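Understanding the architecture of this molecule
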Amino acid sequence: MSTALSQSGQAIMTEPLKEYRSIQGDQQAERERKSGHVRMDKEDVQEYTKGASAGTVGCREGGHRFPTIREVGIVFEDEDGVPEGQKFAGCMIRLLRCTGCRLVGRREFWTEVDGDWECVFSKPDYTSFKKRGPNAESYLAPPGLGRMTRKQVRAAEAANLLHGQTLATIRRQIRAAAKAAA
Ligand SMILES: [Zn+2]
C-alpha cells in the first residue's frame, strides 16, 4: 500500500541544504506558516539555481519530464491504492521517475471499467527516489524560504547567465552581429 506518502515525503525532502540568512528565513517561515504560500526571495532562488545541477534546475524551470506510455509501457507496482481524498477505490498504482531531475516521481492511480482504463488521479512522489541531486541539492527549497515558481527560476537562470548585461549592451551586440553578417 502507498498511503500518506506526501506528508512524510515533504518532511524528508525539506531538509536544509545549507544555512541561508537566518533572520529573514525565520520571518519567511513565520509568514509561510500563516499563509501557507510564500514566494521565495529572488536572492534565494538565484542561490538555489547556482548550486543545483542542470537536471534539477531544468525541471524547476520547465517542469518534470516523465516518460510516455510508448516509451516505457505500463507497469503497475501496487494494487488497491486509494488516492487520498479521492472517491476512487481499488486503483492500480503506476510509478514513473522523472528523466530530468531523477529525484521526483509521479504516482498514478489507474482504474478500469468494462475494459476502459483511465488514470483518475496522480500526484508527485518525493520519497521513492534519491533525495539529492548530483550537487547535493534537494528538489524542494530549503524549509522556511517559501516556494519558488518556474517564472522565478527562469529569471534567476537568466540573471546568472546575463550577469552585468543590459538591454543596451545586448542591442549593441545584435546590431554588431547584423552588421558583420551583412
Ligand atoms: Zn524532474
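To start, this report covers the structure provided alongside it. What you see is a predicted model; the values in this text were computed from it and never measured.

**A closer look at the overall build of the chain**
Within the chain, the secondary structure is distributed over seven helices and four strands. In the chain, the succession of helices and strands from N to C terminus is α-α-α-α-α-β-β-β-β-α-α. In the chain, 67% of the contacts between residues at least 6 apart in sequence involve partners at least 24 apart.

**Here we look at unusual backbone geometry**
If you check the backbone angles, Arg-102 has positive phi at about 60° while not being a glycine. Its place among the elements puts Arg-102 in the loop between strand S2 (91-97) and strand S3 (105-113). Judged by local crowding, Arg-102 falls into the partly exposed class, with 18 C-beta atoms found within 10 Å. The phi angle at Ala-136 is positive, at roughly 65°, despite the residue not being glycine. Within the secondary structure, Ala-136 is located in the loop between strand S4 (116-125) and helix H6 (150-161). Classification of Ala-136 by C-beta neighbours within 10 Å gives exposed; the count is 12.

**Let's talk about helix H3 (residues 42-51)**
Considered for burial, the residues of H3 that qualify are Asp-44, Val-45, Tyr-48 and Thr-49. Down the axis, H3 shows its buried residues gathered within 130° of arc, on one side only. Residues of H3 that are buried in the fold lie against helix H4 (54-62) and H6.

**Quick word on the pairing of S4**
Pairing geometry for S3 and S4, over nine bridges, is antiparallel. Residue pairing across strands places Arg-107 opposite Lys-123, the latter belonging to S4.

**Quick word on the pairing of S3**
In terms of strand pairing, S2 meets S3 through six bridges, oriented antiparallel. Residue pairing in the sheet places Leu-95 in a bridge with Arg-107 of S3. Here S3 folds back onto S4, and the loop between the two strands holds two residues, one of which, Asp-114, carries a positive phi near 50°.

Conventions used here
Residues numbered from 1 in each chain as written. Predicted model: local features only at pLDDT ≥ 70, side-chain atom pairs only at ≥ 80, totals over all residues. Helix = DSSP H or I, 4+ residues; strand = E, 2+ residues; numbered from the N terminus. Contact = placed C-beta atoms within 7 Å. Buried ≥ 20, exposed ≤ 12 C-beta atoms within 10 Å, placed from the backbone. Arc of directions from axis to C-beta. Pairing = 2+ DSSP bridges.

Limitation: the analysis is restricted to geometry and does not speak to function.
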